[in-house]
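So the chains spell out like this:
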Amino acid sequence: MRENGTVRIAEHLLGQDISSEQRREVIILGSTGSIGTQAIDVVTRNPDRFRVVGLAAGGGRLDLLVDQACALGAEVVAVADPDAAADLGRRLRERGHPAKVLAGAEGVAELASWQCDVVLNGITGALGLESTLAALRAGRLLALANKESLIIGGPLVSAAAQPGQIVPVDSEHFALAQCFPRALGDDLTSLAMGQVHAPTAEVRKLVITASGGPFRGRTRAELGEVTREQALDHPTWSMGPVITVNSATLVNKGLEVIEAHLLFDIPLDRIEVVVHPQSVIHSMVEYTDGSTLAQASPPSMCIPIAYGIGWPHRVDAVAPAIDWTRAHTWTFEPLDSDAFPSVDLACEVGAAGGTAPAVYNAANEEAVDAFLTGRLAFPAIVDTVAQVVSEHQQPDTSSALALADVYAADAWARDRARELISRSA
């Protein structure tokens, strides 16, 4: 659902009256990853608020998935690797927990449409698109941590979403949504994330903060010799390897700019990235009268995750609050686009639309994998993405974007990126 060009997020819970005391049934996609394990932490600390009915994971950490399913009493478990399904079922039965097992990408998508109150999509990368679409088409509230599915499937996701069906879990967009104006006298259920009562003309710009990653302050020349271990040593956030490298290259921030554009209907030239090494201010909205609203909290993903699965009610004591009895220094600095060109490239891709975002994302996923496996130098990640994007040809624009177009662009970009990577080896 798109109004005025934007995906309207979480204006209401699809007509349901949700009390903070009502126990929410949750499905967690990507349960063994960083978002998934933190979501399970929130759930297990709040058993009166949440019950997990289903889990999905890729299959690379099968022992953990089995442990999670048994501990949480999940009724259904999906594994994206179809070869792991039989082993998963056997292990669950041996543990006395014969849950229903779903296999393959289609099994994960089937789980996304399972009966529940909210689906948390914490899958990494383009693989999350089918699950996002499945959850939306089934009418489930979608707590969206898988930004890639919105970015690469923009018009498709917009068409599938009902008003208020998407709650952003990225800390930056969670922050932005809370900084938009509200109508005086609104009750909690109408103070929904992304419900903009004032005209967007009153918003001068969105300011998305970036920690700067482990290589903040380095020149492009100095980035040539950085190692895998250095790239994975993020100064403020604990995340999975792909998103950690994306944070080091700032590709993740480029994706977040496109995501903010799609969620809030703010033009790309009115979205700015600023480096904030302390990662306490998560994003800001600047208004035309000169005022700026910011959302601040310690760097913990548990806060936006809890609000995503508990929306429209907050969850008590999810993470420690800022200690205002201590002195703090929060700094802000401009982004060095020469050393980190990925954000400018993302803005070009977002403006192009169509299948360009899918190409940007797919080429990056291949390049990051090559870097993590020692086949590509760090600066060549974004260089590879830029080369693939420059060669991309959009499909015929006379018809609406189709899922087949997205998948074809994704496949072409991966193939072309692999060719370029093999030549650089």
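Everything numeric here is computed off the predicted structure, so don't read it as measured data. (Residues numbered from 1 in each chain as written. Predicted model: local features only at pLDDT ≥ 70, side-chain atom pairs only at ≥ 80, totals over all residues. Heavy atoms only, no water.)

Caption draft 1: Spotlight on the UniProt feature "binding site: NADPH" (unreviewed entry) in the protein chain. Listed under "binding site: NADPH" (unreviewed entry) in the UniProt record, and renumbered for this structure, are Thr 32, Gly 33, Ser 34, Ile 35, Gly 58, Asn 146, Glu 148 and Gly 240. By relative accessible area, which is 17% here, Ile 35 ends up buried. Other than its neighbours up to four places away in sequence, Ile 35 contacts Leu 120, Gly 122, Ala 145, Met 301 and Ile 305. Examined against the element boundaries, Asn 146 turns out to sit in the loop between strand S8 (141-144) and helix H6 (147-152). Its relative accessible area of 0% is what places Asn 146 among the buried residues. Beyond its immediate sequence surroundings of up to four residues, Asn 146 is in contact with Asn 121, Ile 123, Thr 124, Gly 125, Gly 128, Leu 129 and Thr 132. (UniProt positions renumbered as here; feature names shortened; annotations may be inferred. Buried < 20%, exposed > 50% of the residue type's maximum accessible area, 1.4 Å probe, protein only. Contact = heavy atoms within 4.5 Å. Helix = DSSP H or I, 4+ residues; strand = E, 2+ residues; numbered from the N terminus.)

Caption draft 2: Fine view of the sheet that holds strand S6 (residues 100-103). Here seven strands make up an open sheet; going across it, the order is S6-S5-S4-S3-S7-S8-S9 and the pairing parallel. The outermost strands of the open sheet, each flanked by one partner alone, are S6 and strand S9 (166-168). Mean inter-strand twist for the sheet, computed between neighbouring axes without regard to direction, equals 20 degrees. Sheet analysis places S8 next to S9, joined by three bridges and oriented parallel. Looking at S9, one finds that Ala 143 is bridged to Val 167. Across the sheet, helix H4 (residues 104-112) lies against strand S3 (24-29), strand S4 (50-57), strand S5 (76-79), S6 and strand S7 (118-121), angled at about 125 degrees from S6, the strand it touches most. (Pairing = 2+ DSSP bridges. Axes fitted to C-alpha atoms, helices over the stretch in contact; angles between N-to-C directions.)

Caption draft 3: Expanded view of the side chain of Gln 295. Mapped onto the elements, Gln 295 comes out in strand S13 (residues 292-296). A polar side-chain atom of Gln 295 sits 3.4 Å from a polar atom in the side chain of Ser 297. Excluding anything up to four places from it in sequence, Gln 295 contacts Phe 174, Ala 175, Gln 178, Cys 179, Val 280, Ile 281, His 282 and Ser 283. (Polar contact = N/O pair within 3.5 Å; in protein donor to acceptor, adjacent residues only side chain to side chain.)

Caption draft 4: Local environment of the nonpolar core. Leu 29, Leu 206, Phe 264, Tyr 360 and Phe 378 are the most contacted members of the largest nonpolar core, which totals 93 residues. Ranked by residue count, the leading element in this core is helix H14 (residues 356-372), at 11 residues. Formed by 43 residues, the second largest nonpolar core is a distinct cluster that contains Ile 28, Leu 72, Ala 143 and Ala 306. (Core = buried A, V, L, I, M, F, W, Y, C linked by side-chain atoms within 4.5 Å.)

Caption draft 5: The UniProt feature "binding site: Mn(2+)" (unreviewed entry) in the protein chain, seen in detail. Here, UniProt's "binding site: Mn(2+)" (unreviewed entry) annotation points to Asp 170, Glu 172 and Glu 256. Over a stretch of 87 residues, the named residues converge on one spot in the fold, their C-alpha atoms separated by at most 8.3 Å. For Glu 172, the location among the structural elements is in helix H8 (residues 171-178). If we ignore the near neighbours within four places in the chain, the residues touching Glu 172 are Ile 208, Thr 209, Lys 253, Glu 256, His 282 and Ser 283. Within the secondary structure, Glu 256 is located in helix H11 (residues 251-264). Once you skip the residues sitting within four places of it in the chain, Glu 256 turns out to touch Lys 147, Asp 170, Glu 172, His 173 and Ile 208.

Caption draft 6: Geometry of a negative patch on the surface. A cluster of acidic residues, Asp 336, Asp 338, Asp 344 and Glu 348, forms a negative patch on the protein surface. Along the polypeptide, Asp 338 turns up in the loop between strand S14 (333-334) and helix H13 (342-352). For Asp 338, a relative accessible area of 66% corresponds to the exposed category. (Patch = residues over 30% accessible without salt bridge, like charges linked within 9 Å, V, L, I, M, F, W, Y side chains within 5 Å. Areas by Shrake-Rupley, 256 points an atom, 1.4 Å probe, with all protein chains shown as cover. Salt bridge = Lys/Arg side-chain N within 4 Å of Asp/Glu carboxyl O. Lys, Arg positive; Asp, Glu negative; His and termini not counted. Charge placed at Lys NZ, Arg CZ, Asp CG, Glu CD.)

Caption draft 7: Region of interest: the pairing of S8. Neither face of S8 is open: one carries Leu 141 and Ala 143, the other Leu 142 and Leu 144, and all of them are buried. Where S7 meets S8, four bridges bridge the pair, whose relative direction is parallel. From the neighbouring strand, Val 118 faces S8, where its bridge partner is Leu 141. On the question of chirality, the crossover connecting S7 to the parallel S8 by way of helix H5 (residues 129-137) is right-handed. (Right-handed = clockwise from strand over helix to strand, strands pointing away.)

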